[in-house]
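# Structural overview
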Amino acid sequence: MILQTVASPHARAGESVSVVMLKVVATLVPATVYGFWLFGSPAFWLWLITIASALAGEAVCLRWAGRDPVPLLKDGSALLTGWLLALSLPPWAPWWIGVVGGLFATTLGKQVFGGLGNNLFNPAMIARIALLVSFPVQMTYWVVPAGAPGLLDGLLITLGHIPVPDAMSSATLLGHAKTDLARGVDLLHTELPGYAFNWVGARVGSLGETSTWLIAAGGVALLTMRIITWHVPVAMLAAIAVPAAIGHAVDPARYIDWTTHLMSGGAMLGAFFIATDYVTSPSTRAGQVVFGLGCGLLTWVIRTYGGYPEGVAFAVLLMNALTPAIDRLIKPRVYGRTFGGKPAPLKKGKSK
């Protein structure tokens, strides 16, 4: 008996995890290289140390679990975690910040939950918050992008053998605004240095903060390649911009304008690369919109009323905790049933 196939039985699988991770990493390369150019080799060494520590932590946990770490490290998730964490750190932070953060991200932020696909919180952001709470001085020590030391001098700076000149240290734009408001100086009378904000990116901040346009371009590339959808980033950026615009229109002396909010801190990095994490964000489109709105609104609230000048990491982690509830409450309609789960009423055909 000859069987004739009348319909294709084949199903086309999506891209592998390693391909997706490498595409995301590729979109981060321009912003990272630009950050190296701005801040010199200390930023490069910290980036390298952070990624190496994240990979080492993942390998050790996999070995302890009796699994071969080499094939699993090739999926690129630990590489991306360390890369994103490095982009959120002060470029001239000491070496042990990268080591502690990288190890924390992949061990306590990921493998302790069971590995890729099981973690509740974004590993890079939970590591950043742990570093910020534990080592606030080192995590808020920013340098002016003036001069780029060579590879050897940069390594000595990262290792702590060469002290960072005090003249090169400064606060970020959000930090300046938060400090002046706490001292009773309104934003209309705040005197910001020229390097506090620069549209080209030559300003104080992390690698993922100064290269805002390149980060946004990488996010657009992810949208074009359909690695992510528009729901989370658009909702998050809108939820930051709308209350910021309203607040600035009502009281410009108290509230920062919306363009500064979007171009400062980790808004772009968080919207396109952090909040869109497949594992820690909702699975439905409607749920992703709710998730993005929550991330954006919480970011603006923390920046405006909280004790920290930056709130992206806190906002993402808080919404990560709500992701299971969002997935439970917001579900797609099952074919043939109403949104409540009851059988959908049959439509009567038109009589001829």
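In short, a report on the structure. (Residues numbered from 1 in each chain as written. Predicted model: local features only at pLDDT ≥ 70, side-chain atom pairs only at ≥ 80, totals over all residues. Heavy atoms only, no water.)

## Remarks on the overall build of the chain
When you go through the chain residue by residue, the secondary structure sums to 16 helices and two strands. Summed over all atoms, the accessible surface of the chain reaches about 17700 Å², with 67% contributed by carbon and sulfur. (Helix = DSSP H or I, 4+ residues; strand = E, 2+ residues; numbered from the N terminus. Areas by Shrake-Rupley, 256 points an atom, 1.4 Å probe, with all protein chains shown as cover.)

## Remarks on a nonpolar patch on the surface
A cluster of nonpolar side chains, namely Leu108, Val112, Phe113 and Leu120, defines an oily patch on the protein surface of about 340 Å² accessible area. Looking at the element boundaries, Phe113 is found in the loop between helix H5 (95-107) and helix H6 (123-134). (Patch = residues over 30% accessible without salt bridge, like charges linked within 9 Å, V, L, I, M, F, W, Y side chains within 5 Å. Salt bridge = Lys/Arg side-chain N within 4 Å of Asp/Glu carboxyl O.)

## Brief notes about the packing of helix H2 (residues 41-64) against helix H8 (residues 151-159)
It is at 7 Å that the axes of H2 and H8 come closest, and there the two elements cross at 60°. When the interaxial angle is binned, H2 and H8 end up oblique. The chirality of how H2 crosses H8 is right-handed. Counted together, Ser41, Pro42, Phe44, Trp45, Leu46 and Ile49 of H2 and Leu151, Gly154, Leu155, Ile157 and Thr158 of H8 form the full contact between these two elements. (Axes fitted to C-alpha atoms, helices over the stretch in contact; angles between N-to-C directions. Parallel < 35°, antiparallel > 145°, perpendicular 65-115°, else oblique. Left-handed = near helix turned anticlockwise from the far one by under 90°. Contact = heavy atoms within 4.5 Å.)

## Quick notes on empty space enclosed by the protein
Summed over all chains, the structure comprises one cavity of 30 Å³ or more. Of the volumes computed, that of the largest cavity is approximately 120 Å³. Around the largest cavity, the lining residues are Leu174, Ala177, Lys178, Leu181, Arg254, Tyr255, Ile256, His261, Arg303, Thr304 and Pro309. Secondary-structure elements contributing two or more residues to the lining of the largest cavity are helix H9 (173-182) and helix H15 (285-305). (1 Å grid on protein atoms, 1.4 Å probe; cavity = no way out; pocket = protein on both sides within 12 Å on 5 of 7 lines; lining within 4 Å. Points joined across faces, edges and corners; volume = space filled by probe spheres on them.)

## Details of helix H4 (residues 77-87)
Burial runs high along H4: ten of the eleven residues are buried. Among all positions of H4, only Ser77, Ala78, Leu80, Thr81, Gly82, Trp83, Leu84, Leu85, Ala86 and Leu87 are buried. (Buried < 20%, exposed > 50% of the residue type's maximum accessible area, 1.4 Å probe, protein only.)

## Examining the nonpolar core
Counting residues in hydrophobic clusters, the biggest one holds 65 residues, and the most contacted among them are Leu28, Leu84, Leu269 and Phe273. Per element, the largest residue contribution to this core is ten residues, and it comes from helix H1 (residues 17-39). Dropping the residues within four chain positions of it, Leu269 is found in contact with Leu28, Leu84, Leu87, Gly208, Ile215 and Ile274. (Core = buried A, V, L, I, M, F, W, Y, C linked by side-chain atoms within 4.5 Å.)

## Structural notes on the packing of helix H12 (residues 231-250) against H15
Packed helix pairs are characterised by how far apart their axes lie and by the angle those axes make with each other. Viewed as axis vectors pointing N to C, H12 and H15 meet at an angle of 35°, and their least axial separation amounts to 7 Å. For the pair H12 and H15, the crossing hand works out as right-handed. Two secondary-structure elements touch here, H12 through His231, Val232, Ala235, Met236, Ala239, Ile240, Pro243 and Ala244 and H15 through Arg285, Gln288, Val289, Phe291, Gly292, Leu293, Cys295, Gly296, Leu297, Thr299 and Trp300. Taken together, the residues of the contact of H12 with H15 sort by class into 13 nonpolar, five polar and one charged. (Nonpolar A, V, L, I, M, F, W, Y, C, P; charged D, E, K, R; others polar.)

## As for the packing of aromatic side chains
Overall, the coordinates contain eleven aromatic pairs when judged by the stated rule. Pairing Trp96 with Phe135 gives two aromatic rings, centres 5.0 Å apart and planes at 75°, and the pair type is edge-to-face. One end of the pair, Trp96, is in helix H5; the other, Phe135, is in the loop between H6 and helix H7 (136-139), with 39 residues separating them in the sequence. Judged by its relative accessible area of 26%, Trp96 is partly exposed. Their ring planes at 20° and their centres at 6.2 Å tell us that Tyr255 and Trp300 sit as a pair that is stacked. Of this pair, Tyr255 sits in the loop between H12 and helix H13 (258-263) while Trp300 sits in helix H15, placing them 45 residues apart in sequence. The rings of Phe36, Phe44, Trp45, Trp47 and Trp83 are connected pair by pair, giving a single aromatic cluster. (Phe/Tyr/Trp six-rings, centres within 6.5 Å; stacked < 30°, edge-to-face > 60°.)

## Thoughts on the environment of Met21
Secondary-structure assignment places Met21 in helix H1. Those residues within four positions of Met21 in sequence are excluded, and the remaining contacts are Asp75, Gly76, Ser77 and Leu80.

## Brief notes about the environment of Arg254
By secondary structure assignment, the location of Arg254 is in the loop between H12 and H13. Judged by its relative accessible area of 29%, Arg254 is partly exposed. Not counting chain neighbours up to four residues away, the residues in contact with Arg254 comprise Leu181, Leu187, Thr304 and Tyr305.

## Overview of H8
Taken residue by residue, H8 has Gly154, Ile157 and Thr158 as its buried positions. Buried residues of H8 fall within an arc of 95° about the axis and therefore sit on the same side. Those residues of H8 hidden inside the fold are in contact with H2 and H5. Phi turns positive one or two residues past the end of H8, at Gly160, with a value near 90°. (Arc of directions from axis to C-beta.)

## Some remarks on the side chain of Thr106
Relative to the assigned elements, Thr106 resides in helix H5. A distance of 3.2 Å separates a polar side-chain atom of Thr106 from the backbone oxygen of Gly102. (Polar contact = N/O pair within 3.5 Å; in protein donor to acceptor, adjacent residues only side chain to side chain.)

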